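# Examining the three-dimensional arrangement
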Amino acid sequence: MGSSLKRLAEEAEEAKKRSEEEKAAAKERAAQRQLLAIEELVQSERNYLRMLQVSTVTIRSNLKKLQPPPANLDSMFLYIEDVIDVSSRLLSLLDQKQVQPGDPSFLETLCDSFLSLSSDIEEAYKEYLANYNNVTVLENSYKQKEALWNDIVKVIKTSAPEVNATSLSFFMVMPVQRIARYPLLLQTIQKHTDPTHPAYSLLEQTAHTAITLNCRINEYKRFREVADKYKKTENLTIKDKINRLNSHSIAKKTARLSQQIKHETGIAPKLVDEEFDALEGFFYVLEHGILELLENVEMYLHHLQRFLSCKTEEFDLDMDGEKAPICYKEITTALRQWILPTFEKRMRTLIHKPLCALRDLLVGPRNLIRKRLDKLLDYEVIEAKSNLSYDEQAVANTYRTINTLLLNELPRFNGLALQMIWSMLGTFSCLHKDLTSDMEQLFQSFAQQLPHSSLNPSAFWEWAESEVLEGARRLQTLCHSVEETLNAPVVQPLSPSSRHRLKQLTDKHGSGKIYQVTTAVVGSRDLDLNLVKGELVAIISETDSRGDKRRWLVDAGGRRGYAPASKLVRYHQPAEDPPPSPHLALPDGIMGIRRHSYTPESQPLRVMPVPCLQVFAAYDFTARGNHEVTVRSGEPVRVLEPHDKKGNPEWSLVEARGGQRGYVPSNYLAVMPMGTGPFGTAQPYC
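First things first, this report covers the structure right here in the doc. Bear in mind the structure is a predicted one, so any value in this text is a computation, not a measurement. (Residues numbered from 1 in each chain as written. Predicted model: local features only at pLDDT ≥ 70, side-chain atom pairs only at ≥ 80, totals over all residues. Heavy atoms only, no water.)

### A short note on the overall build of the protein
Helix and strand counts for the protein come out as 17 helices and 11 strands. Of all 686 residues assigned to the protein, the portion counted as buried reaches 35%. Contacts in the protein between residues far apart in sequence, at least 24 positions, make up 68% of those at least 6 positions apart. For the protein, the exposed surface amounts to about 42,000 Å²; the carbon and sulfur share of it is 55%. (Helix = DSSP H or I, 4+ residues; strand = E, 2+ residues; numbered from the N terminus. Buried < 20%, exposed > 50% of the residue type's maximum accessible area, 1.4 Å probe, protein only. Contact = heavy atoms within 4.5 Å. Areas by Shrake-Rupley, 256 points an atom, 1.4 Å probe, with all protein chains shown as cover.)

### Examining the sheet that holds strand S4 (residues 560–564)
Read across the sheet, 5 strands follow the order S4-S3-S2-S1-S5 without closing on themselves; strand pairing throughout is antiparallel. Edge strands, defined here as strands with exactly one partner in the open sheet, are S4 and strand S5 (568–570). The mean inter-strand angle of the sheet, taken between neighbouring strand axes irrespective of direction, is 50°. Sheet analysis places strand S2 (residues 536–541) next to strand S3 (residues 551–555), joined by 3 bridges and oriented antiparallel. The partner of isoleucine 539 across the bridge, within S3, is valine 554. (Pairing = 2+ DSSP bridges. Axes fitted to C-alpha atoms, helices over the stretch in contact; angles between N-to-C directions.)

### Digging into unusual backbone geometry
Look at the link from glutamine 67 to proline 68: it is a cis peptide, with omega at -5°. Secondary-structure assignment places proline 68 in the loop between helix H1 (2–64) and helix H2 (73–76). In this structure, asparagine 72 takes a positive phi of about 55° despite not being glycine. Tracing the backbone shows asparagine 72 in the loop between H1 and H2. Of note in the backbone geometry, asparagine 164 takes a positive phi value of approximately 55° without being a glycine. Looking at the element boundaries, asparagine 164 is found in the loop between helix H6 (146–159) and helix H7 (169–172). On the accessibility criterion, asparagine 164 (61% relative accessible area) is exposed.

### What to know about a negative patch on the surface
A cluster of acidic side chains, namely Glu10, Glu11, Glu13, Glu14, Glu20, Glu21 and Glu22, defines a negative patch on the protein surface. Note on placement: glutamate 11 falls in helix H1. (Patch = residues over 30% accessible without salt bridge, like charges linked within 9 Å, V, L, I, M, F, W, Y side chains within 5 Å. Salt bridge = Lys/Arg side-chain N within 4 Å of Asp/Glu carboxyl O. Lys, Arg positive; Asp, Glu negative; His and termini not counted. Charge placed at Lys NZ, Arg CZ, Asp CG, Glu CD.)

### Examining the packing of helix H5 (residues 118–143) against H6
Closest axis-to-axis distance for the H5/H6 pair is 7 Å, and the angle between their directions is 115°. Classified by the angle between their axes, H5 and H6 sit roughly perpendicular to one another. Seen from H5, the contacting residues are Glu139, Tyr142 and Lys143; seen from H6, they are Glu146, Leu148, Trp149 and Ile152. A per-class count over the contact of H5 with H6 returns 4 nonpolar, no polar and 3 charged. (Parallel < 35°, antiparallel > 145°, perpendicular 65-115°, else oblique. Nonpolar A, V, L, I, M, F, W, Y, C, P; charged D, E, K, R; others polar.)

### A look at helix H17 (residues 496–509)
For an α-helix the count is 3.6 residues per turn, leaving residues at separations of three or four pointing the same way. Here H17 spans 20 Å end to end across 14 residues, near enough to the 20 Å set by a 1.5 Å rise per residue. Directly beyond the C-terminal end of H17, a positive phi value near 95° is found at glycine 510. (Expected span 1.5 Å × (residues − 1).)

### Some remarks on the packing of helix H12 (residues 274–309) against helix H15 (residues 390–446)
The interhelical angle for the contact between H12 and H15, taken along N-to-C directions, is 30°, at an axis separation of 10 Å. It follows that H12 is roughly parallel to H15 by the angle criterion. In this structure, H12 meets H15 at a crossing whose hand is left-handed. Two secondary-structure elements touch here, H12 through Glu275, Phe276, Leu279, Glu280, Phe282, Phe283, Leu286, Ile290, Leu293 and Tyr300 and H15 through Asn403, Leu406, Leu407, Leu410, Pro411, Phe413, Asn414, Ala417, Leu418, Ile421, Leu425 and His432. Of the residues in the contact of H12 with H15, the class split is 17 nonpolar, 3 polar and 2 charged. (Left-handed = near helix turned anticlockwise from the far one by under 90°.)

### Considerations on the pairing of strand S1 (residues 514–517)
Of the two faces of S1, the one carrying Ile514 and Gln516 and the one carrying Tyr515 and Val517 are both buried. Pairing of S1 with S2, which is carried by 3 bridges, proceeds in the antiparallel orientation. Considered in S2, the bridge of isoleucine 514 is made with alanine 538. With 3 bridges joining them, S1 and S5 adopt antiparallel strand pairing. In the sheet register, tyrosine 515 faces S5, and the bridge partner there is arginine 570.

### Looking at the environment of glutamate 139
Take glutamate 139: it is sitting in helix H5. Excluding residues that lie within four positions of it along the chain, glutamate 139 makes contacts with Met76, Trp149, Ser167, Leu168 and Ser169. Engagement of the side chain of glutamate 139 in a polar contact is seen with the backbone nitrogen of leucine 168, the distance being 3.0 Å. (Polar contact = N/O pair within 3.5 Å; in protein donor to acceptor, adjacent residues only side chain to side chain.)

### Re the pattern of salt bridges
The tally for this structure, following the rule as stated, stands at 35 salt bridges. One salt bridge connects lysine 221 with glutamate 225, and the closest N-O pair in it is separated by 2.6 Å. You can see lysine 221 and its partner glutamate 225 sitting in helix H9 (residues 200–230), 4 residues apart, about one turn around the helix. According to the relative accessible area criterion, lysine 221 is partly exposed, its value standing at 21%. Between lysine 508 and aspartate 555 there is a salt bridge, with the nearest N and O atoms lying 3.7 Å from each other.

Structure below.
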C-alpha cells in the first residue's frame with residue numbers, strides 16, 4: 001500500500017515535471033516564432049523599401065532616357081514618393097532606439113513607431129491605392145505599342161536583374177500588397193506573444209489600428225471610384241444616347257420620373273436631409289458667384305485689350321512745339337507699352353487663370369449632386385422594402401456612398417473655393433494698388449510740364465471733375481445725335497403706281513396702318529403673300545387666325561393674306577417735300593433727244609460751252625427696282641431726261657457713277673454752277 005502511494009507520487013511528480021518542460025518548450029517555441037515574425041516584418045520592410053527606391057530612382061531615370069520617353073511617365077509614379085517617405089521613417093524610428101528584434105523592449109518600440117505614423121501611413125497609402133487603377137491603365141497603353149513595351153522590359157531587366165521582373169506592375173503593386181500585409185504580420189506577432197508580456201496590450205492596439213487603416217483606405221478607394229465614375233461629363237450625341245437605351249434604363253428613368261411627380265404633387269413625401277440641403281445651396285451660390293466673377297474679369301480684360309489696341313500715340317498729329325500735348329503723348333505711350341501690358345499680364349496670371357481652373361473644378365461636385373438626386377429617387381422606391389435583392393442592395397449602397405462622400409467632401413470644397421475667391425479678390429485689389437502707384441509715379445515725372453500743375457489738390461480735382469463732366473456731356477450729346485440719325489426712318493419716294501396704292505390704302509385703312517416691306521417675302525404657307533421689297537401694305541390684324549403675333553394679316557391693294565411681322569416696318573410719310581431743284585429744267589440753248597436706260601444707241605447731247613453747270617444728288621435715294629438707280633447725297637449725276645417715259649416731270653432719267661442709268665425723283669436733284677458743289681470733280685452739265 002505504501003509502495004503504491006509512493007509510486008503514484010513519483011508519477012505525478014514526473015508528469016508535473018514533463019508538463020512544466022512542455023510549457024517551457026512551448027513558450028520557447030512561441031518566443032522563437034515571435035522573433036521570426038518580428039524579424040520578418042522588419043526585414044521585409046527593408047526589402048520593400050529597397051525595391052521601391054529601385055523602381056522610383058533607377059528604373060524611372062532609365063526610362064526617361066528612352067527616345068522618345070514613354071508618355072505620362074510621371075503619372076505612373078504618382079504618390080509613390082510619399083509611400084517611400086513613410087516607410088523610411090518607420091525604419092528610421094526603429095533604428096534610432098538601437099535595439100535588436102530579440103530584445104524584449106523591441107516589440108514596444110515597434111508598436112510605438114507604427115502608431116505614431118499611423119495617420120501618415122493612411123494618407124500616403126490611400127492616395128496611392130486610389131490612383132493605382134490609373135497606373136494599370138497607363139501600363140496597358142504602353143503594351144499596345146510593341147516596340148515601346150520591349151524597350152521598357154529591357155530597361156527593367158537591366159535596372160533590377162536580381163528580381164527578374166518583366167513589367168512595371170511588378171513594382172507598382174508592392175504598396176497595394178504591403179498595406180494589406182501589416183495586419184497579418186502584426187496578428188502573427190500577437191499570436192506568438194505571451195499575454196503577460198508588458199507590450200501585449202500595445203501590440204493588440206497596433207494590430208487593431210492596422211486593420212482599421214485598411215478599412216478606411218478601402219472605403220476611401222471605393223468613394224474615389226464612385227466619384228470618378230459619376231463626376232465625369234460625357235458629351236454624347238443623340239445617336240449614342242439612343243444606342244444606350246434599353247428596357248432596364250427606360251424602366252429606371254420612368255420610375256425616377258414617377259417618383260419626382262409624386263414629390264411635386266404631394267402624393268409621396270420627399271426624403272429631407274437638412275445638412276446636405278444647406279451644403280448644396282451654398283455650393284450653388286458659390287458656383288454662381290464664381291461664374292459671375294469670371295465673366296466680369298473676362299469683360300474687364302476684353303475692354304483693357306481693346307483700349308490697348310487703339311494706339312493713338314502712333315499718329316502724327318502735328319504737335320511740334322506744343323508742350324502739353326507732347327507730354328500727354330509720352331504718358332499715353334508709357335501706359336500702353338509698359339504699365340498697362342504688365343498689369344494685363346499679371347491679371348491673367350493671378351486672377352483669370354486661377355478663376356478658370358476653379359470653374360473647371362465645379363464640374364465634378366455639380367455632377368455628383370445631380371447623380372445623388374437620381375440615386376435618391378431610386379433609393380426612395382426601395383427604402384420601404386424589408387428584403388432587398390442584390391441589385392436593389394447595390395442601388396442603396398451607391399446612394400449611401402455618394403451621400404456620405406458629398407457630406408464629407410463638399411464642406412471642404414466649399415471652404416477652399418471660398419478661400420480662393422477671397423484670395424483672388426485681395427490679389428485684384430493689390431494689383432490695382434500697384435497700377436495706381438505706377439501711374440502716379442509716371443504722372444509725377446511730367447507734372448511740372450502739364451497745365452494746372454500749380455493748382456492745389458482741391459482746386460485741381462475740381463477742375464478735373466468739371467472737365468470730365470463737360471467731356472461726358474459733349475460725348476452724350478454726340479451719341480444722342482448719332483442715335484437719332486441712325487434711327488430716323490428712311491423715307492423713299494414712291495413711284496406713281498405706289499402713290500396710287502398709298503392713297504387707296506390710306507383712304508381705306510388710315511395712315512397709321514400703312515407699312516412697308518423691308519425685304520422680299522416669299523410665301524411658304526397657305527394664305528401667305530409674295531411681296532417685293534418696298535411694297536406698301538395695310539395692316540388688318542396683328543395676329544393670324546391662331547393668335548400667332550409673328551404673322552400679320554395685311555391688305556396689299558386688293559390681295560389679302562399673311563406676311564411676317566419681322567419684315568414689315570411702319571411707313572413714315574415725309575412731313576414736307578424736299579426743297580425743289582432750282583434749275584433742274586434744261587437751260588436755254590441745251591438741246592437733246594429723248595433717251596432712257598433701255599435705248600443703248602442714243603445720240604449725245606449737244607451743249608453750249610457756257611454757262612457751265614453741274615447736277616448732283618441733294619438727298620440719298622435707294623433703288624427699289626431695276627428701272628431705278630441708287631445715288632448718295634452729293635454724288636454727281638448726268639441728267640439724260642428730265643421726265644419719265646410718260647412725260648411725268650416728277651422722275652428724271654440720270655446716269656450715275658460707273659455708268660449706271662435709271663430713274664430718281666426730280667426733287668432729289670440740284671443744279672449749281674461748276675465749282676460750287678460738294679465735289680470738285682463733279683461731272684459738268686454744260
